[in-house]
Amino acid sequence: MLKDKVRIIDLPKIADPRGNLTVAEEMKETPFRIARAYWTYDVPGGESRGGHAHKVLEQLIIATSGSFDVTVDDGHERRTYHLNHPYQGLYVGPGIWRTLDDFSSGAVCMVLASELFDEEDYIRDYDDFLTYARCTK
């Protein structure tokens, strides 16, 4: 079920008149050890990112600037989350198809990942994902 593998995580927001600060520490705010961080930016209007699932990798997806939508799908249920707060992240567990769309101008998507890049962990074809989802349920 989606609710078991996808959820919004509120990150600490430390208010300061000089500018706010938010932190995500492994095994504290994130339910996994952080092995990799990356960010996507300058996404042209109308473009999508993601469009894949992972077999093992867990992620925390954060809109550090601007906004975008993340649509998640476990092969049975689909839900879209609008991310627009740098003090919230969307946890996406393994076995979930994800697509990122509707990036605002200047949006920055930061991802904290539980694993280093491994092409073998990716499922990039949706029909293959549906087969994988049926086999792992």
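Overview of the structure. In this text, all values refer to a predicted model and were calculated from it rather than measured experimentally.

Now for the sheet that holds strand S7 (residues 68–73). Strand order in the open sheet formed by five strands is S8-S7-S10-S5-S12, with antiparallel pairing between adjacent strands. Edge positions in the open sheet fall to strand S8 (78–83) and strand S12 (122–123), since each of these has one partner strand only.

On to the sheet that holds strand S1 (residues 6–10). Strand order in the open sheet formed by five strands is S1-S9-S6-S11-S4, with antiparallel pairing between adjacent strands. At either margin of the open sheet sits one strand with a lone partner, and together these are S1 and strand S4 (36–41). Taking the axes of each pair of neighbouring strands and ignoring which way they run, one obtains an average angle of 25 degrees across the sheet. Strand direction decides the pairing type here: S4 and strand S11 (residues 108–113), joined by six bridges, are antiparallel. Along S11, the bridge assignment pairs Trp-39 with Met-110.

To continue, consider the packing of aromatic side chains. What the rule picks out here adds up to six aromatic pairs. Pairing Phe-32 with Tyr-91 gives two aromatic rings, centres 6.3 Å apart and planes at 35 degrees, and the pair type is tilted. In this pair, Phe-32 is assigned in the loop between strand S3 (21–22) and S4 and Tyr-91 in strand S9 (residues 88–92), connecting sequence segments 59 residues apart. Note on accessibility: Phe-32 and Tyr-91 belong to one class, buried. Residues Phe-68 and Phe-103 carry aromatic rings whose centres are separated by 5.1 Å and whose planes lie at 25 degrees to one another, so their mutual orientation is stacked. Here Phe-68, found in strand S7, pairs with Phe-103, found in the loop between strand S10 (97–101) and S11; they are 35 residues apart in sequence, far enough to count as distant. Note on accessibility: Phe-68 and Phe-103 belong to one class, buried.

Before going further, it helps to examine a nonpolar patch on the surface. Judged by side-chain polarity, Ile-14, Leu-21 and Val-23 come together as a nonpolar surface patch covering roughly 230 Å² of accessible area. Its place among the elements puts Ile-14 in strand S2 (residues 13–14). Note on Ile-14: relative accessible area 42%, which makes it partly exposed.

Turning to the environment of Asp-69, a few remarks are in order. With respect to the helices and strands, Asp-69 occurs in strand S7. Distance from Asp-69 to Val-108, taken between C-alpha atoms, is 12 Å for residues 39 residues apart in sequence. Other than its neighbours up to four places away in sequence, Asp-69 contacts Thr-80, Tyr-81, His-82, Thr-99, Leu-100, Asp-101 and Asp-102. At a separation of 2.6 Å, a polar atom in the side chain of Asp-69 contacts the side chain of His-82.

Summarising the sheet, strand S6 (residues 59–65) and S11 pair through six bridges and their orientation is antiparallel. Paired with Ile-62 across the strands is Met-110, a residue of S11.

Attention now moves to the pattern of salt bridges. In total, this model carries six salt bridges according to the counting rule given. Between Arg-78 and Asp-73 there is a salt bridge, with its nearest N and O atoms 2.8 Å apart. Of the residues examined, Arg-78 reaches a relative accessible area of 57% and is grouped as exposed. With its nearest N and O atoms 3.1 Å apart, the salt bridge here joins Glu-77 to Arg-79. Under the relative-accessibility criterion, Glu-77 is labelled partly exposed at 29%. Among the residues examined, Arg-79 registers a relative accessible area of 35% and is labelled partly exposed.

Basis of the calculations
Numbers given to residues run from 1 along each chain, matching the order in which its sequence is written. Thresholds applied to this predicted model are a pLDDT of at least 70 for local features of residues and 80 or more for the giving and counting of side-chain atom pairs; totals over whole chains, interfaces and linings are not thresholded and use all residues. Calculated side-chain values reflect all of the structure's heavy atoms, with hydrogen atoms and water omitted. When DSSP finds two or more bridges between a pair of strands, those strands are recorded as paired. Runs of H or I in DSSP of at least four residues are treated as helices and runs of E of at least two as strands, each being numbered from the N terminus. In this analysis an axis means a line fitted to C-alpha atoms, helices contributing only their contacting stretch, and an angle means the value between N-to-C directions, from 0 to 180 degrees. Put simply, two rings from Phe, Tyr or Trp (the six-membered ring, in Trp's case) pair if the centres are within 6.5 Å, and we call them stacked under 30 degrees between planes, edge-to-face over 60, tilted for the rest. Buried, partly exposed and exposed residues are distinguished by accessible area as a fraction of the type maximum, computed with a 1.4 Å probe on protein chains only: under 20%, between the cut-offs, and over 50%, respectively. Patches in this entry comprise residues that are over 30% relatively accessible and not in a salt bridge; like charges within 9 Å are linked, as are nonpolar side chains (Val, Leu, Ile, Met, Phe, Trp, Tyr) within 5 Å. Every accessible area reported is derived by Shrake-Rupley at a probe size of 1.4 Å, with residue values counting cover from the shown protein chains alone. We count a salt bridge whenever a side-chain nitrogen from Lys or Arg sits within 4 Å of a carboxyl oxygen from Asp or Glu. Contact criterion: two residues are considered in contact whenever any of their non-hydrogen atoms come within 4.5 Å of each other. Side-chain atoms alone can form a polar contact between residues adjacent in sequence; in general such a contact is a pair of N or O atoms within 3.5 Å, and within protein one must be able to donate a hydrogen while the other accepts it.

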